[in-house]
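Residue-level listing of the chains:
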Amino acid sequence: MITDAIFDLDDTLCDFSTARERGVAHAFETLPVEYRSAAYDLWNKIEPTLFEVFATREISRDDYRWLRFHLVLSEMGLVPGEASEERWLVASMNDSFMSEINDAIEPMAGASECLTALVDRGIKCHVLTNGPSDSQRRRLSRLGFVPFLDNVFVSEELGAFKPDPAVFAATVDRIGRPPNQILVVGDDLNRDILPARKAGLHAVHFAPAGSSYRPSIRRLSEVEDEIASLK
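The following paragraphs examine the structure supplied in this document. The model shown is predicted, which means the values in this text are computed figures rather than measured ones.

## Focus: the state of the cysteines
With the rule as written, the count across this model stands at 0 disulfides. In this structure Cys-114 is not part of a disulfide, and its nearest cysteine sulfur, from Cys-125, lies 6.9 Å away.

Spelled out as structure tokens, the structure:
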């Protein structure tokens, strides 16, 4: 019997990808038009690698946020001559980006209805999300999901990032129920689903565009049916 559901946040309960695209575009609006496309392409090469370095705790949260814009400007030869000017420019870009991904983000279709339905059935709901604590909690507050959740587990606070087995072990330990009573719902097979199953939890792949993995769902409204099938 499933007693608890753990949801990934980004691109599961909320449309992070769309907000990210808007955020990067807005961040680089401070640059001349002719540089924006190249800056966007560089960001998409640099930022994912930097995030992994942050996730392994080789750099701090502040360094990660600084470098993801500084390195783009540096590679394009757009670093201002004065250090104070660069600090201002990077801070401005970061603020624009953070505003979009945290304050203007939208819930995934059916997210609130899914959480409401599960809570009404007595299922405890939790979030397990990778990322900086301040940003993830700010995003959750904006989305209005906090009242539905018994626990919010953020990787930075746990000291390890998905797919590290320690993340799932710590989460299960804090929930206080056996792994086989817990269902994980997430969009990333390698970070959410496969490590969850390896840890003994049930897991369903949330894939709106479809997935060859089983079990998978296209809509969050299907989570209830998935839980019913596991009784």
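## Topic: the sheet that holds strand S5 (residues 202-206)
Taken in spatial order, the 6 strands line up as S3-S2-S1-S4-S5-S6 in an open sheet, and their pairing is parallel. Among the strands making up the open sheet, the edge pair consists of strand S3 (149-154) and strand S6 (216-217). With 5 bridges joining them, strand S2 (residues 124-129) and S3 adopt parallel strand pairing. Paired with Val-127 across the strands is Val-152, a residue of S3. Sitting on the sheet, helix H6 (residues 133-143) touches S2 and S3, and the angle it makes with S3 is about 150 degrees.

## Overview of the nonpolar core
By size, the foremost hydrophobic cluster in this structure holds 57 residues, and its most contacted members are Phe-7, Phe-28, Leu-118, Leu-220 and Val-223. Among the elements that take part in this core, helix H2 (residues 33-55) stands out by supplying 8 residues, more than any other. With residues up to four places along the chain from it excluded, the contact list for Phe-7 reads Thr-12, Leu-13, Cys-114, Leu-115, Leu-118, Cys-125, His-126, Val-127, Leu-128, Val-185 and Val-223. By size, the runner-up hydrophobic cluster in this structure holds 16 residues, among which are Val-172, Ile-182, Ile-193 and Ala-203.

## Observations regarding the pattern of salt bridges
All told, the structure shown has 18 salt bridges when counted by the stated rule. The closest approach of N and O atoms between Arg-20 and Glu-47, which form a salt bridge, is 3.2 Å. Here Arg-20, found in helix H1 (residues 16-27), pairs with Glu-47, found in helix H2; they are 27 residues apart in sequence, far enough to count as distant. Classification of Glu-47 as buried rests on a relative accessible area of 9%. Through salt bridges with shared partners, one network takes in Arg-61, Arg-65, Asp-134 and Glu-156.

## What about the packing of aromatic side chains?
One pass over the structure, following the stated rule, counts 10 aromatic pairs. On the numbers, 5.3 Å between centres and 10 degrees between planes, the contact of Phe-54 with Tyr-64 is stacked. In this pair, Phe-54 sits in helix H2 while Tyr-64 sits in helix H3 (residues 61-75), placing the two residues 10 residues apart along the sequence. Neither residue differs from the other here; Phe-54 and Tyr-64 are each classed as buried. Residues Phe-54 and Phe-161 carry aromatic rings whose centres are separated by 5.5 Å and whose planes lie at 80 degrees to one another, so their mutual orientation is edge-to-face.

## Looking at helix H9 (residues 189-198)
Side chains that are three or four residues apart share a direction in an α-helix, a result of its 3.6 residues per turn. Listed in full, the buried residues belonging to H9 are Asp-192, Ile-193, Pro-195 and Ala-196. Of the surrounding secondary structure, the elements contacted by the buried residues of H9 are helix H8 (165-175), strand S4 (182-186) and S5. The N-terminus of H9 is capped by Asp-188, whose side-chain oxygen sits 2.9 Å from the backbone nitrogen of Asn-190.

## Quick notes on helix H5 (residues 111-120)
Listed as buried for H5 are Ala-111, Cys-114, Leu-115, Ala-117 and Leu-118. Angularly, the buried residues of H5 cover 165 degrees about the axis, an arc narrow enough to put them on a single face. The exposed residues of H5 that point more than 90 degrees off its buried face are Glu-113 and Asp-120. Lining the buried residues of H5 we find strand S1 (4-7), S2, S3 and helix H10 (223-229).

## Notes on unusual backbone geometry
Note the cis peptide between Lys-162 and Pro-163, where omega equals 15 degrees. Cis geometry is found at the peptide bond from Arg-214 to Pro-215, where omega equals 5 degrees. With respect to the element layout, Pro-215 can be found in the loop between S5 and S6. Phi at Asp-11 is positive, roughly 65 degrees, even though this residue is not glycine. Assignment of secondary structure puts Asp-11 in the loop between S1 and H1. One non-glycine residue, Arg-57, adopts positive backbone phi at about 65 degrees. Topologically, Arg-57 is positioned in the loop between H2 and H3. The class for Arg-57 is exposed, based on a relative accessible area of 62%.

Rules and cut-offs
Residues numbered from 1 in each chain as written. Predicted model: local features only at pLDDT ≥ 70, side-chain atom pairs only at ≥ 80, totals over all residues. Heavy atoms only, no water. Disulfide = S-S within 2.5 Å. Pairing = 2+ DSSP bridges. Helix = DSSP H or I, 4+ residues; strand = E, 2+ residues; numbered from the N terminus. Contact = heavy atoms within 4.5 Å. Axes fitted to C-alpha atoms, helices over the stretch in contact; angles between N-to-C directions. Core = buried A, V, L, I, M, F, W, Y, C linked by side-chain atoms within 4.5 Å. Buried < 20%, exposed > 50% of the residue type's maximum accessible area, 1.4 Å probe, protein only. Salt bridge = Lys/Arg side-chain N within 4 Å of Asp/Glu carboxyl O. Phe/Tyr/Trp six-rings, centres within 6.5 Å; stacked < 30°, edge-to-face > 60°. Polar contact = N/O pair within 3.5 Å; in protein donor to acceptor, adjacent residues only side chain to side chain. Arc of directions from axis to C-beta.

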